[in-house]
Amino acid sequence: MTEMDNGGAGQKAVEGAEQGMAAASGQLLVGIDLGTCRTIIMSNRGVEGVERSVVGYAKDIISQRVVGSEPLFGDQALAKRNFLDLCFPLCDGVIREASERDYVAASQLLEHMVDLAREENEEVEVSGIIGVPARASMMNKELLLGIAQGIMDTALVVSEPFMVAYALGKLSDCIIIDIGGGTIDICAMKGELPTAEDQVTIFKAGDYIDERLAAAISRRYPTAQVTKSVACKIKEAHAFVGEPVSPVRVTLRAEGKPVEFDVTRELRMVCESIVPDIVEQLQMLIQRFDPEVQETTLQNIVLAGGGSRIKGLDTMLAEQLREYGRVKVTCVDDPDYIGAGGALKLAMDVPTEQWKHIGVMFGGQ
Ligand SMILES: Nc1ncnc2c1ncn2[C@@H]1O[C@H](COP(=O)(O)OP(=O)(O)OP(=O)(O)O)[C@@H](O)[C@H]1O
Ligand SMILES: [Mg+2]
């Protein structure tokens, strides 16, 4: 799916920023959330684009006659998957380093996203901020910047949960938890740019839940045909932790026929499997705050990313930290766009000459 419109909830993130200046000077500013599952771009001209992070290439000369020789992106590629070799260039939130093909696909995906933000054949200077997992390595960041260099004039990489914090204006006494497809990124905000010690990346997120759910259902119901993608659909429709409000019954194919299965127990178990790691990291991060602000910070824990939609997760996290005193965990209203919105807001608030004080970048001199 490609959405392009003016407005939307994510656009709230850019309210108040000095939108006019850069637009008037012809510069195109973008915020990009290059995620394992989805890539989102937002621009200072009010454009929003979203695409599944997948690129498809015609399998052979025959399929080329149907889909053409150009790569297809996102849902368009998934819809024509029979004719295509699909490449998912991101893994655990960063560009796969396994092959040249991933590198090329990542760069084509990024270029496609930037194309969504500019007019056709428009010659315009493009400056943007791109989100990466909280603890992405310097090599990952440089790989991404290397790709962006061929597509943008200026680019800076920043940590994903920091972009969320910036969008919310929660720069101090706050902890952001961004639950994505590949990683859970946690960031402690202390009124300044977060350091490596303030940030954690956990490599068990949405994809991990999908894999475990497919395996758990197959174990209990050996005849049920459940792929990772079927499990993902079940999760997105019903994910929950804690006591179930009602049983989760889904129709799956078994020996070729549709059969209803109760997957309540399996779904609960796999969704809850990410909780202990999050709690452990929160306990570690909270101790590193000044003791005078720990109480305030515990009431300012924010969940973002697609995984923040797991029902009951906010309550369960607060419950598991109850020995720390009053704890409040809230979910952002717009988990999809908030990261890209924060990156755009930052790009609009800080002149490109000063981006070098925020993180690794190129251009902008
Ligand atoms: N209602 C839902 N309940 C549980 N999980 C959901 C729901 N909706 C989406 N998700 C999951 O959220 C994940 C995608 O979230 P998001 O778009 O934030 O990830 P991403 O930014 O692409 O990944 P990453 O940040 O790890 O690179 C997927 O695993 C998706 O299945
Ligand atoms: Mg993400």
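1. Side note on the layout of surface pockets
Rolled over the atoms, a probe sized like a water molecule indicates the empty space that remains.
Point 1. There is about 310 Å³ of room inside the second largest pocket.
Point 2. What lines the second largest pocket is a set of 17 residues, among which Lys 141, Ser 159, Pro 194, Gln 199 and Ile 358 lie closest to the centre.
Point 3. The element best represented in the lining of the second largest pocket is strand E10 (residues 154–159), accounting for three residues.
Point 4. Taken together, the residues that form the lining of the second largest pocket break down as eleven nonpolar, four polar and two charged.
Point 5. Here the lining of the second largest pocket gathers at least three residues from each of two domains, domain 1 (9–166 + 337–362) and domain 2 (167–204 + 274–331).

2. Considering the nonpolar core
Point 1. If you look at the biggest cluster of nonpolar residues, it comprises 49 residues, and the most contacted ones within it are Ile 175, Ile 177, Ile 184, Ile 186, Ile 278 and Leu 317.
Point 2. With six residues, the top contributor of residues to this core is helix H10 (residues 275–287).
Point 3. Built from parts of two domains, this core gets at least three residues from each of domain 2 (167–204 + 274–331) and domain 3 (206–272).
Point 4. The residues contacting Ile 184, other than those within four sequence positions of it, are Ile 177, Asp 178, Ile 179, Val 200, Thr 201, Ile 202, Lys 204, Ala 205, Ile 274 and Ile 278.
Point 5. Listed in part, the 34 residues of the second largest apolar core include Ile 32, Met 113, Leu 144 and Ala 155.

3. Some points on the pairing of strand E4 (residues 55–58)
Point 1. In terms of strand pairing, E4 meets strand E5 (residues 72–73) through two bridges, oriented antiparallel. Bridge pairing links Gly 56 to Leu 72 in E5.
Point 2. Pairing of E4 with strand E6 (residues 84–87), which is carried by four bridges, proceeds in the antiparallel orientation. Of the residues in E6, the one forming a bridge with Val 55 is Cys 87.

4. Side note on the domain arrangement of the chain
Point 1. Assigned domains within the chain: domain 1 (9–166 + 337–362), domain 2 (167–204 + 274–331) and domain 3 (206–272).
Point 2. In this structure, domain 1 and domain 2 have C-alpha centres spaced 26 Å apart.
Point 3. At the junction of the two partners, domain 1 supplies 21 residues and domain 2 supplies 22 residues.
Point 4. Across the interface of domain 1 and domain 2, roughly 1,700 Å² is buried in total on both sides, 66% from carbon and sulfur atoms.
Point 5. Here domain 1 is connected to domain 2 by zero salt bridges.
Point 6. Our count for the contact surface shared by domain 1 and domain 2 stands at 15 residue pairs in polar contact (both at pLDDT 80 or more).
Point 7. Elements represented by at least two residues in the side of domain 1 that touches domain 2 include exactly helix H6 (160–168) and helix H13 (338–349).
Point 8. With seven residues, the top contributor of residues to the side of domain 1 that touches domain 2 is H6.
Point 9. Of the residues contributing to the side of domain 1 that touches domain 2, the split by class is twelve nonpolar, six polar and three charged.

5. Details of the packing of aromatic side chains
Point 1. For the coordinates displayed, the defined rule picks out two aromatic pairs.
Point 2. Ring geometry for Tyr 221 versus Phe 261: centroids 4.7 Å apart, planes at 50°, classification tilted. With Tyr 221 in the loop between helix H7 (206–220) and strand E14 (224–225) and Phe 261 in strand E16 (residues 257–262), the pair connects residues that are 40 residues apart, well separated along the chain. One exposure class covers both Tyr 221 and Phe 261, and it is buried.
Point 3. Stacked on the ring of Phe 289, the Lys or Arg Lys 190 has its end atom at 4.9 Å from the ring centre.

Scoring rules and cut-offs
Residues numbered from 1 in each chain as written. Chains lettered and ligands numbered in written order. Predicted model: local features only at pLDDT ≥ 70, side-chain atom pairs only at ≥ 80, totals over all residues. Heavy atoms only, no water. 1 Å grid on protein atoms, 1.4 Å probe; cavity = no way out; pocket = protein on both sides within 12 Å on 5 of 7 lines; lining within 4 Å. Points joined across faces, edges and corners; volume = space filled by probe spheres on them. Helix = DSSP H or I, 4+ residues; strand = E, 2+ residues; numbered from the N terminus. Nonpolar A, V, L, I, M, F, W, Y, C, P; charged D, E, K, R; others polar. Domains from an automatic or database assignment. Core = buried A, V, L, I, M, F, W, Y, C linked by side-chain atoms within 4.5 Å. Buried < 20%, exposed > 50% of the residue type's maximum accessible area, 1.4 Å probe, protein only. Contact = heavy atoms within 4.5 Å. Pairing = 2+ DSSP bridges. Buried area = accessible area lost by both parts, 1.4 Å probe. Salt bridge = Lys/Arg side-chain N within 4 Å of Asp/Glu carboxyl O. Polar contact = N/O pair within 3.5 Å; in protein donor to acceptor, adjacent residues only side chain to side chain. Phe/Tyr/Trp six-rings, centres within 6.5 Å; stacked < 30°, edge-to-face > 60°. Lys NZ or Arg CZ within 6 Å of the ring centre and 35° of its normal.

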